[in-house]
There are 2 protein chains.
Amino acid sequence: MNTVSEPAAAGAPEHTDLVITRLLKAPRAKLWGAWTDPKMLKEWWCPKPWTTEVRAFELRPGGHFHTVMRGPDGGTSDNPGSFLEVLPQQRLVFTSMLVGGWRPNTPWMPFTAIVTMADEAGGTRYVATVMHPDQATRDKHDAMGFHEGWGICIEQLDACAAAL
Amino acid sequence: MNTVSEPAAAGAPEHTDLVITRLLKAPRAKLWGAWTDPKMLKEWWCPKPWTTEVRAFELRPGGHFHTVMRGPDGGTSDNPGSFLEVLPQQRLVFTSMLVGGWRPNTPWMPFTAIVTMADEAGGTRYVATVMHPDQATRDKHDAMGFHEGWGICIEQLDACAAAL
């Protein structure tokens, strides 16, 4: 099969990951709809009262994905990136390491996120696995309030999806 | 179509790219064969008398792609990365920004390469477009002898493919 795999690649360095999971009420089809429509995404992508501007949303591998968030105190967070894998209603992979056309980026927060959705009794199991290049970056992301911030957004996503 | 594109993404910063092209004698099928068989790849991947060890070669989007090169003077170059797009006999995209499973990397040389092969009178048009995160990185890659090094390898690839 022309495939060579080294042992190191199989043993993923999970100590550089942050993982958050929720059992959501909305079915996968609606969660996927709220995730992949930029008009919906801007409603849940960052914790309110921060707002999101969706500058690019090209939902395909190598497609540009660029959001800018703004806070009530004038703070901003500029987040260019790209989609890497799009499996409807199942899995979405995106990264800050690359932008549109897989062009290299110099991100303020280097990560790749794998979002999965799966049926489970009572709703949909939603898991976001956020991988970093090293433990220091993972720890910085954790200390910035990763779990609280992403948790709020996932609950906002569930509410948006329920309203579809 | 749920797609938003910002003007900036369309106007690619080509001043951060290095591009090399050759008209090769071998047909696309043989070039693709010599590229995608790790036993062949190791024969042409770096300028001889340097040698290549292929530690991982998972030919699929997100697959790990890891080579280590060794020089006659004991020098080594360790290059983990990943494939991003695999279009047989047409296009291959790989990057040093991510490793297997799209996990972020901290590369010594940040780049994404797009290799294309197309039929042309007399053989195959082979183009490698190497994108960097900024002009300083592009200029460093250029000053390291990008055009000479990649040029030698592409000619080694043509010779390997011809022997298939």
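The structure reproduced in this document is the subject of the present report. (Residues numbered from 1 in each chain as written. Chains lettered and ligands numbered in written order. Predicted model: local features only at pLDDT ≥ 70, side-chain atom pairs only at ≥ 80, totals over all residues. Heavy atoms only, no water.)

### Here we look at the relation of the copies chain A and chain B
And then number 1: Note on the copies: chain A fits chain B at an RMSD of 0.0 Å, the axial shift is 0.0 Å, and the rotation between them is 180°. A rotation of that kind, with that shift, is consistent with a two-fold axis. Considering only C-alpha atoms, the residue of chain A closest to the rotation axis is Met97 of chain A, which sits at 3.2 Å.
And then number 2: A symmetric contact is evident, with 100% of the interface residues of chain A recurring at the interface of chain B. (Least-squares fit on C-alpha atoms with pLDDT ≥ 70 in both. Contact = heavy atoms within 4.5 Å.)

### Describing the sheet that holds strand 3 (residues 64-70) of chain B
Residue and element names in this part refer to chain B.
And then number 1: Within the open sheet, the seven strands sit side by side as 1-7-6-5-4-3-2. Their pairing is antiparallel. Both edges of this open sheet fall to strand 1 (17-24) and strand 2 (51-57), since each of them pairs with a single strand only. Within this sheet the neighbouring strands show an average axis-to-axis angle of 20°, counted without direction.
And then number 2: Bridging between strand 2 and strand 3 involves six bridges; their strand directions are antiparallel. If you follow Ala56 over to strand 3, its bridge partner there is His66.
And then number 3: Strands in contact with helix 2 (residues 28-36) are strand 1, strand 2, strand 3, strand 4 (76-87), strand 5 (91-95), strand 6 (112-120) and strand 7 (123-131); relative to strand 6, the strand with the most contacts, it is inclined by about 155°. (Pairing = 2+ DSSP bridges. Helix = DSSP H or I, 4+ residues; strand = E, 2+ residues; numbered from the N terminus. Axes fitted to C-alpha atoms, helices over the stretch in contact; angles between N-to-C directions.)

### Quick word on helix 4 (residues 135-143) of chain B
All names here are of chain B.
And then number 1: Thr137, Arg138 and His141 are the residues of helix 4 that are buried. Each buried residue of helix 4 lies within a common arc of 100° when the element is viewed along its axis, so the set occupies one face. For helix 4, exposure combined with an orientation more than 90 degrees from the buried face picks out Ala136 and Ala143.
And then number 2: Buried-residue contacts for helix 4 involve strand 1, strand 7 and helix 5 (146-162).
And then number 3: The distance from a side-chain oxygen at the start of helix 4 to the backbone nitrogen of Ala136 is 3.3 Å, and the residue carrying that oxygen is Asp134. (Buried < 20%, exposed > 50% of the residue type's maximum accessible area, 1.4 Å probe, protein only. Arc of directions from axis to C-beta. Polar contact = N/O pair within 3.5 Å; in protein donor to acceptor, adjacent residues only side chain to side chain.)

### Quick word on the interface of chain A and chain B
The accessible area lost on association of the parts is a frequent measure of interface size.
And then number 1: Contact with chain A, which involves 39 residues of that partner, is made by 39 residues of chain B.
And then number 2: In total, chain A and chain B occlude about 3,100 Å² of area from one another, counting both sides; carbon and sulfur atoms represent 56% of this.
And then number 3: On the surface where chain A and chain B come into contact, there are two salt bridges.
And then number 4: Its salt-bridge partner being Asp17 of chain A, residue Arg103 of chain B comes within 2.8 Å of it at the nearest N-O pair.
And then number 5: Taken together, the connections running from chain A to chain B amount to six residue pairs in polar contact (both at pLDDT 80 or more). (Buried area = accessible area lost by both parts, 1.4 Å probe. Salt bridge = Lys/Arg side-chain N within 4 Å of Asp/Glu carboxyl O.)

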